[in-house]
Each structure stands twice: as structure tokens, then as C-alpha cells.
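# Observations on the three-dimensional arrangement
Here are the chains, one letter per residue:
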Amino acid sequence: LLDTREPMAGVLRRLDGRLATVVLTGPRRGLRSTARAALADYVMKVPSMGDSIVEGTIASWEKKVGDTVAADEVVATIETDKVSVEVRSEVAGAIAEVFAPVDATVQVGQELLR
């Protein structure tokens with residue numbers, strides 16, 4: 001838990017196999033923008049969608065650039081000939097950029113959004 005009454009507080013998260021420290025400063029009203037800035041360089045990649053599936057098509061974006069998202073919130077839907085996958089945000093933050101428009105074909109492991 002993060003005590004927002006402290007002048008400085010830190011959060012330690014494991015992101016994509018690496019350890020990253022995010023320092024948030026109070027008061028509470030300043031936390032959201034600081035967290036957004038700290039996570040702005042985190043890049044989400046197209047997740048694995050099954051053993052033999054190597055690509056899919058962006059069916060829809062549920063969030064757009066500038067929207068804030070919570071960890072585990074659906075941000076996009078990718079369809080293949082076998083499955084439809086809801087892509088969930090791995091971290092909380094704001095979407096700074098999307099790398100593929102709707103109807104684009106994306107490969108597993110390709111950069112999806114930042």
C-alpha cells in the first residue's frame with residue numbers, strides 16, 4: 001500500500017521481467033500525473049494467443065491516445081481465424097501512442113502501444 005500523506009513514496013514493480021522503481025510525490029492530487037509520466041516509456045507488446053498462432057488483426061481499440069487505463073483493463077481486441085483475444089493493460093498509466101490502427105495485421109511480440 002502507498003501512503004499518500006508522505007511527501008515522497010515509492011512503488012516497486014516488476015515490468016516485463018525487469019525491476020523498475022517509480023517514485024511518486026505527494027500530495028495525492030499530484031500522484032496521477034507523476035505515475036503517468038513515469039510509465040510513459042513502458043511498451044506493451046502483442047501477447048501470445050495460442051501455440052500455433054503467430055499473427056492477428058486489430059479488431060478494435062477500446063482506449064485511445066490520452067486515455068488513462070488501470071492495470072488489467074481491456075485496451076484492444078485482436079482477432080485471428082481461431083480466437084478473439086481481449087488485450088489487457090499490463091500496468092496502469094496513460095496511453096501515449098498506439099503502433100497499429102484498426103484492421104492492421106500484428107505479429108506476436110510486436111510493439112502494440114506505449
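What you see is a predicted model; the values in this text were computed from it and never measured.

## Quick word on the pattern of salt bridges
This model, assessed by the stated rule, comprises 4 salt bridges. For lysine 63, the salt bridge goes to glutamate 73, with nearest N and O atoms at 2.8 Å. Taken together, the residues lysine 63 in the loop between β4 (55–61) and β5 (68–69) and glutamate 73 in the loop between β5 and β6 (74–79) connect sequence positions 10 residues apart. The partner of arginine 114 in a salt bridge is glutamate 97, and the shortest N-O contact between them spans 2.2 Å. One end of the pair, arginine 114, is in the segment after β10 (111–113); the other, glutamate 97, is in the loop between β8 (93–94) and β9 (105–107), and 17 residues separate them in sequence. Overall, glutamate 97 belongs to the partly exposed group, its relative accessible area being 30%.

## Some details on the side chain of serine 89
Mapped onto the fold, serine 89 is located in the loop between β7 (84–88) and β8. Those residues within four positions of serine 89 in sequence are excluded, and the remaining contacts are Met44, Val69, Ala70, Ala71, Asp72, Glu73 and Val75.

## Let's talk about the pairing of β7
Side chains on a regular strand alternate between the two faces of the sheet. Only one face of β7 is buried, namely the one carrying Val85 and Val87, since none of Ser84, Glu86 and Arg88 on the opposite face is buried. Summarising the sheet, β6 and β7 pair through 5 bridges and their orientation is antiparallel. Looking at the pairing, alanine 76 lines up with valine 87 of β7. In this structure, the hairpin formed by β6 and β7 is closed by a connection of 4 residues.

About the criteria used
- Residues numbered from 1 in each chain as written.
- Predicted model: local features only at pLDDT ≥ 70, side-chain atom pairs only at ≥ 80, totals over all residues.
- Heavy atoms only, no water.
- Salt bridge = Lys/Arg side-chain N within 4 Å of Asp/Glu carboxyl O.
- Helix = DSSP H or I, 4+ residues; strand = E, 2+ residues; numbered from the N terminus.
- Buried < 20%, exposed > 50% of the residue type's maximum accessible area, 1.4 Å probe, protein only.
- Contact = heavy atoms within 4.5 Å.
- Pairing = 2+ DSSP bridges.

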